[in-house]
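# Residue-level structure breakdown
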Amino acid sequence: MSLYTYQMFAESVNFDGLDQQSMYYIGTAIAGIVTIVVNFQVALETTLWTVYNHLLTWGSILMWFILFLVICSPFAFHMSPESFSYFDGIYRVIQTRTWWLTMFLTLV
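Note that the structure is a prediction, hence the values are computed from the model and not measured.

## Some remarks on the packing of helix 2 (residues 23–45) against helix 6 (residues 97–107)
Running from N to C, helix 2 and helix 6 point in directions that differ by 30°, and their axes come no closer than 10 Å. Classified by the angle their axes make, helix 2 and helix 6 are roughly parallel. Like other packed secondary-structure pairs, helix 2 and helix 6 cross with a definite hand, here right-handed. Here helix 2 contributes T28, A29, G32, I33, I36, V37 and F40 to the contact with helix 6, which in turn contributes W99, T102, M103, T106 and L107.

Listed below in structure tokens is the structure:
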């Protein structure tokens, strides 16, 4: 999956005209795609759905997005610039069509 994601981001350019072939873009894309794919795999293999299954399966996807939104927020960056070097990272990756296309193709 990592080579597939790398190939999708290899020659892509974001809306600002910047190159997306960096460890920053590819790492964020792989982390998000792996989280979503693994949770969808768990959802497909679950035979008995309870409230706890729903809460943990869909909640872990939601928590990944919340965690990355907090880590990449301006508040975290201003609090400690050397610790949070991915400032504005998730916002730039998610707004690209390449990320959504890669996630869709990986799920299919």
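## Quick look at the packing of helix 2 against helix 3 (residues 51–71)
The geometry of helix 2 relative to helix 3 is characterised by a closest axis approach of 9 Å and an angle of 170° between their N-to-C directions. Compared by their axis directions, helix 2 and helix 3 come out roughly antiparallel. Along its contact with helix 2, which presents T28, A31, G32, T35, I36, N39, F40, V42 and A43, the element helix 3 presents T57, W58, S60, I61, W64, F65 and F68.

## Looking at the environment of Y25
Note that Y25 resides in helix 2. Under the relative-accessibility criterion, Y25 is labelled buried at 3%. For Y25 and V93, which are 68 residues apart along the polypeptide, the C-alpha to C-alpha distance reads 6.2 Å.

## Examining helix 3
Relative to the 30 Å expected for 21 residues at 1.5 Å per residue, helix 3 spans 29 Å between its end C-alpha atoms, a close match to the ideal helical length. Within helix 3, the axis deviates most sharply at G59, by approximately 30°. Restricting attention to buried positions, one finds in helix 3 the residues T57, G59, I61, W64 and F68.

## Re the packing of aromatic side chains
Geometrically, a pair of aromatic rings is defined through the distance of the ring centres and the angle of the planes. All chains considered together, the criterion is met by 3 aromatic pairs. Ring centres of W49 and W58 lie 6.3 Å apart, and the angle between their planes is 0°; on these two criteria the pair is classed as stacked. Ring centres of W64 and F65 lie 4.8 Å apart, and the angle between their planes is 85°; on these two criteria the pair is classed as edge-to-face. An aromatic cluster is built from F40, W49 and W58, whose rings are joined through pairwise contacts.

Rules behind the numbers
Residues numbered from 1 in each chain as written. Predicted model: local features only at pLDDT ≥ 70, side-chain atom pairs only at ≥ 80, totals over all residues. Heavy atoms only, no water. Axes fitted to C-alpha atoms, helices over the stretch in contact; angles between N-to-C directions. Helix = DSSP H or I, 4+ residues; strand = E, 2+ residues; numbered from the N terminus. Parallel < 35°, antiparallel > 145°, perpendicular 65-115°, else oblique. Left-handed = near helix turned anticlockwise from the far one by under 90°. Contact = heavy atoms within 4.5 Å. Buried < 20%, exposed > 50% of the residue type's maximum accessible area, 1.4 Å probe, protein only. Expected span 1.5 Å × (residues − 1). Bend = angle between axes of the 7 residues up to and from the residue. Phe/Tyr/Trp six-rings, centres within 6.5 Å; stacked < 30°, edge-to-face > 60°.

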